[in-house]
Amino acid sequence: MYDILLEVNRRPKPFSEYTARELWTDPHTSEQMLAYHLNENIDAASRNLGFIERSVKWIVSHFGLTSESRVADFGCGPGLYAQRLARADVKVTGLDFSTNSLRYARRKATDKNLDINYVETDYLEYNTDCCFDLIIMIMCDFCALSPDQRSLLLNKFHSLLADGGAVLLDVYSSSMFNRREEGATYEENLLNGFWSADDYFGFLNTFKYGDVRLLLDKYTIVERNRTRQVFNWLQCFEPAEVKNEFDCCGLQVDELLGDVAGNPYDPDADEFAVVARSKEGN
Ligand SMILES: C[S@@+](CC[C@H](N)C(=O)[O-])C[C@H]1O[C@@H](n2cnc3c(N)ncnc32)[C@H](O)[C@@H]1O
């Protein structure tokens, strides 16, 4: 018992474990995630419906998307942005490793007669001969990645951009980092059964790594016959840090925004967004 509690409270090294696949593709949690995505009133897994509609309208207009434009949506989930972009007549490729979300996305596309290229893949391993006028990655998924994974992804973005193409993504801010507290809590069936259909005890340990502005929500789920841990890393950024990471991968941040719906940058907000283009494409 003491050893289990030691493990629950152990502070791991930054990005020592990558459990995103476990979180998003486990048959039970991916069902729960899909329900969050499709709840139009909350910002969990996807943002609320009003935001998504404003965002897609802004994206189409800001980037001047037409029926010739090719957009890649990295971590498209159930396709809430992809299907709206396709409805605006844009050519969309949606990438995700959640079978469950993509099953929903493909069904919706068929029902609505939308031609969307959904690819079930780990986006860190995605390769194609196509190139894109716009690459989007929405809901701060970039922040779950280690520095090496972010660099790999940004280099991939750089190689996939068409001439004059852009990247749009959002990240957590240093203000959010400053507001979050370390903590340890546990609850029977933590998050109302989110983690398993069977009874369990769920521990949530939040760690802050001040020197690198990193947060970790570490979940330990103890079921009768199984114990597992899921590591939700949340890298927080200053705008200059994002600019530097992009710069190292051949990308130049041209615009700093409050969010992916085009609102102005607010240094006190939890998140901000950037638009970047290839340095040589400018
Ligand atoms: C926070 S959700 C955002 C979904 C969508 N962008 C939205 O805002 O509605 C993150 C999505 O990225 C996917 N994802 C996370 N890591 C991934 C990876 N390495 N490869 C492919 N998909 C990934 C998850 O399955 C999930 O659908």
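Remember, predicted model here, so these are calculated numbers, not experimental data. (Residues numbered from 1 in each chain as written. Predicted model: local features only at pLDDT ≥ 70, side-chain atom pairs only at ≥ 80, totals over all residues.)

## Here we look at the site of the ligand
Moving on, step 1. Looking at the ligand, there are 20 residues lining it, with Trp24, Ser46, Gly75, Gly77 and Met139 nearest.
Moving on, step 2. The set of elements that each furnish at least two residues to the shell around the ligand consists of helix H2 (20–25) and strand E2 (91–96).
Moving on, step 3. For the shell around the ligand, the residue count by class is 11 nonpolar, six polar and three charged. (Near = placed C-beta within 6 Å. Helix = DSSP H or I, 4+ residues; strand = E, 2+ residues; numbered from the N terminus. Nonpolar A, V, L, I, M, F, W, Y, C, P; charged D, E, K, R; others polar.)

## Details of helix H6 (residues 99–111)
Moving on, step 1. With 13 residues, H6 should cover 18 Å at 1.5 Å per step; its first-to-last C-alpha distance of 18 Å lies within 8% of that length.
Moving on, step 2. On its buried face, H6 sits against helix H3 (27–38), helix H5 (80–87), E2 and strand E3 (116–120).
Moving on, step 3. Following H6 by one or two positions, Asn113 adopts a phi angle in the positive range, close to 60°. (Expected span 1.5 Å × (residues − 1). Contact = placed C-beta atoms within 7 Å.)

## Quick word on the environment of Val167
Moving on, step 1. Mapped onto the fold, Val167 is located in strand E5 (residues 161–173).
Moving on, step 2. It is 9.5 Å that separates the C-alpha atoms of Val167 and Phe132, two residues lying 35 residues apart in sequence.
Moving on, step 3. Beyond its immediate chain neighbours, meaning those up to four positions away, Val167 contacts Ile135, Phe157, Leu251 and Ala276.

## So, the pairing of strand E7 (residues 200–209)
Moving on, step 1. Pairing between strand E6 (residues 183–188) and E7: six bridges, direction antiparallel. Looking at E7, one finds that Thr185 is bridged to Leu204.
Moving on, step 2. Bridging between E7 and strand E8 (residues 214–223) involves 10 bridges; their strand directions are antiparallel. Opposite Phe201, over in E8, you have Val222 as the bridge partner. (Pairing = 2+ DSSP bridges.)

## Concerning the nonpolar core
Moving on, step 1. Formed by 61 residues in total, the largest nonpolar core has its most connected members in Val71, Ile135, Ile136, Leu168, Leu169 and Val171.
Moving on, step 2. At seven residues, E5 tops the list of elements feeding residues into this core.
Moving on, step 3. For Leu169, the residues in contact, after removing those within four places along its chain, are Ile136, Met137, Ile138, Phe142, Ala273 and Val274.
Moving on, step 4. Counting five residues, the second largest nonpolar core, distinct from the first, contains Trp195, Phe203, Tyr219 and Ile221. (Core = buried A, V, L, I, M, F, W, Y, C linked by C-beta atoms within 7 Å. Buried ≥ 20, exposed ≤ 12 C-beta atoms within 10 Å, placed from the backbone.)

## Some details on the environment of Ala197
Moving on, step 1. Relative to the helices and strands, Ala197 resides in the loop between helix H9 (190–193) and E7.
Moving on, step 2. Assessed through the 11 C-beta atoms surrounding it within 10 Å, Ala197 is described here as exposed.
Moving on, step 3. When the C-alpha atoms of Ala197 and Thr185 are compared, they prove to be 21 Å apart, with 12 residues separating the residues in sequence.

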